[in-house]
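# Report on the structure
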Amino acid sequence: MRDRIVADFMAGVGWGVMGYVIAVFIIFLVIIGMVVVGHQTTTGYLEKIQFQRGRKQKLTQALRDAKQGLADLRETQMFITRQLEGVADYSLGAAGGDLITGTGKPAARRAAMAHHTVVDVLLAEKLLSSEDLMKAENYKLQSKSPYAIDEILSLLGYVSPDVIQRIKRRYPNLS
């Protein structure tokens, strides 16, 4: 009888240990499965992130191209406007343009020579509004920025840096 109780006990312990081994093995398989699924999910997210980064780069380049195109169009507009003003000044004999003697300068050229700063040209050619200039000046005062006002206008996005450089090349005597 005693042998029978010991045998039953040993059989129960044997199945108990075997049960623990099976339970540990199942838990191990579940953990491995979770790691594999987590890796696949992470890989999927990384691919999506890379795709979105590429898309962002393309959109950023498209924005730069559009800004450059806009700056080119504004420059063309300024050029044509100056030509129209010159034609109007000469054809009407306005503001010192003498049609008979050919002396004197048209008003548009005298106005351009009257500008002392890049900001004056930007305002005169309507590339900058006085409201935007006031905002930039307020920013300069509040931030105590060491930058010139034309650089602040560029940094704040009110005027393209290309437009400022073109104006400086066109009017080299501006301050």
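Residues numbered from 1 in each chain as written. Predicted model: local features only at pLDDT ≥ 70, side-chain atom pairs only at ≥ 80, totals over all residues. Heavy atoms only, no water.

### A few points about the overall build of the chain
Let me state the cut-off plainly: Under the scheme used here, helices are H or I runs from DSSP no shorter than 4 residues and strands are E runs no shorter than 2 residues, and both carry numbers assigned from the N terminus. Contacts between residues were defined by any pair of non-hydrogen atoms, one from each residue, lying within 4.5 Å.
Helix and strand content of the chain: six helices and zero strands. Listing every helix and strand of the chain by position from the N terminus yields α-α-α-α-α-α. Long-range contacts, defined as pairs at least 24 residues apart, comprise 47% of the intrachain contacts of the chain with a sequence gap of at least 6.

### Considerations on unusual backbone geometry
Look at lysine 126: it is not a glycine, yet its phi comes out positive at around 60 degrees. If you trace the backbone, lysine 126 turns up in the loop between helix 3 (118-124) and helix 4 (130-143). With phi around 55 degrees, lysine 144 is a residue other than glycine that occupies positive phi space. Along the polypeptide, lysine 144 turns up in the loop between helix 4 and helix 5 (149-155).

### A short note on the environment of asparagine 173
Just so we agree on the cut-off: Summary of the burial criterion: residues with accessible area below 20% of their type's maximum are buried, those above 50% are exposed, and those between are partly exposed, where the area comes from a 1.4 Å probe applied to protein chains only.
In this structure, asparagine 173 sits in the segment after helix 6 (161-170). Using a relative accessible area of 78% as the deciding quantity, one classes asparagine 173 as exposed. For the pair asparagine 173 and threonine 117, spaced 56 residues apart in the sequence, the C-alpha separation amounts to 8.7 Å.

### Some remarks on the side chain of serine 145
Along the chain, serine 145 falls in the loop between helix 4 and helix 5. The buried category is assigned to serine 145, whose relative accessible area is 14%. Among all residues touching serine 145, those that are not within four sequence positions of it are Lys140 and Ile152.

### Let's talk about a nonpolar patch on the surface
How we decide: Without a salt bridge and with relative accessible area above 30%, a residue can belong to a patch; like charges are then joined within 9 Å and nonpolar side chains (Val, Leu, Ile, Met, Phe, Trp, Tyr) within 5 Å. Here the Shrake-Rupley method, with its probe set to 1.4 Å, supplies the accessible areas, and only the displayed protein chains count as covering residues. Here, a salt bridge means any Lys or Arg side-chain nitrogen found within 4 Å of an Asp or Glu carboxyl oxygen.
Nonpolar side chains collect at one region of the surface, where Val17, Met18, Val21, Ile22, Phe25, Ile26, Phe28, Leu29, Val30, Ile32, Met34 and Val36 lie side by side and expose about 1100 Å² of accessible area between them. Mapped onto the elements, valine 21 comes out in helix 1 (residues 2-92).

### A word on helix 6
Selection criterion: The arc in question is traced by the directions running from the helix axis to the C-beta atoms.
Among all positions in helix 6, only Val163, Ile164, Arg166 and Ile167 are buried. When helix 6 is viewed along its axis, its buried side chains cluster within an angular range of 160 degrees and face the same direction.

### Notes on the side chain of arginine 166
What counts here: Any pair of N or O atoms that falls within 3.5 Å is considered a polar contact. Within protein, one atom must be able to donate a hydrogen and the other to accept it, and sequence-neighbouring residues count only if both atoms are side-chain atoms.
Mapped onto the elements of the fold, arginine 166 is located in helix 6. Within the structure, the side chain of arginine 166 is placed 2.8 Å from the side chain of aspartate 72, a separation counted as a polar contact. With near-sequence residues (within four places) excluded, arginine 166 lies in contact with Gln68, Ala71, Asp72 and Glu75.

### Here we look at the nonpolar core
The nonpolar side chains of a soluble globular protein tend to be buried with one another. Definition in use: Nonpolar cores were defined as sets of buried Ala, Val, Leu, Ile, Met, Phe, Trp, Tyr and Cys residues, with membership established by side-chain atoms within 4.5 Å.
Counting 18 residues, the largest nonpolar core has Leu122, Leu128, Leu153, Val159, Val163 and Ile167 as the members making the most contacts within it. For this core, the secondary-structure elements that each account for two or more residues are helix 1, helix 3, helix 4, helix 5 and helix 6. The leading source of residues in this core is helix 3, at four residues. With sequence-adjacent residues up to four places away left out, leucine 153 is seen in contact with Val119, Leu122, Leu128, Asp132, Leu133, Ala136, Tyr158 and Val159.

### What about the confidence of the model for the chain?
Quick note on the threshold: As a per-residue measure, pLDDT tells how confident the predictor is, with possible values from 0 to 100.
For the chain, mean pLDDT is 77; residues scoring 70 or higher make up 73% of the total. Taken element by element, the predicted model of the chain shows its lowest mean pLDDT in helix 2 (residues 107-114) (49) and its highest in helix 4 (89). Counting contacts from residues 89-112, a segment whose pLDDT is below 50, to residues more than four positions away or on other chains yields 23 contacts.

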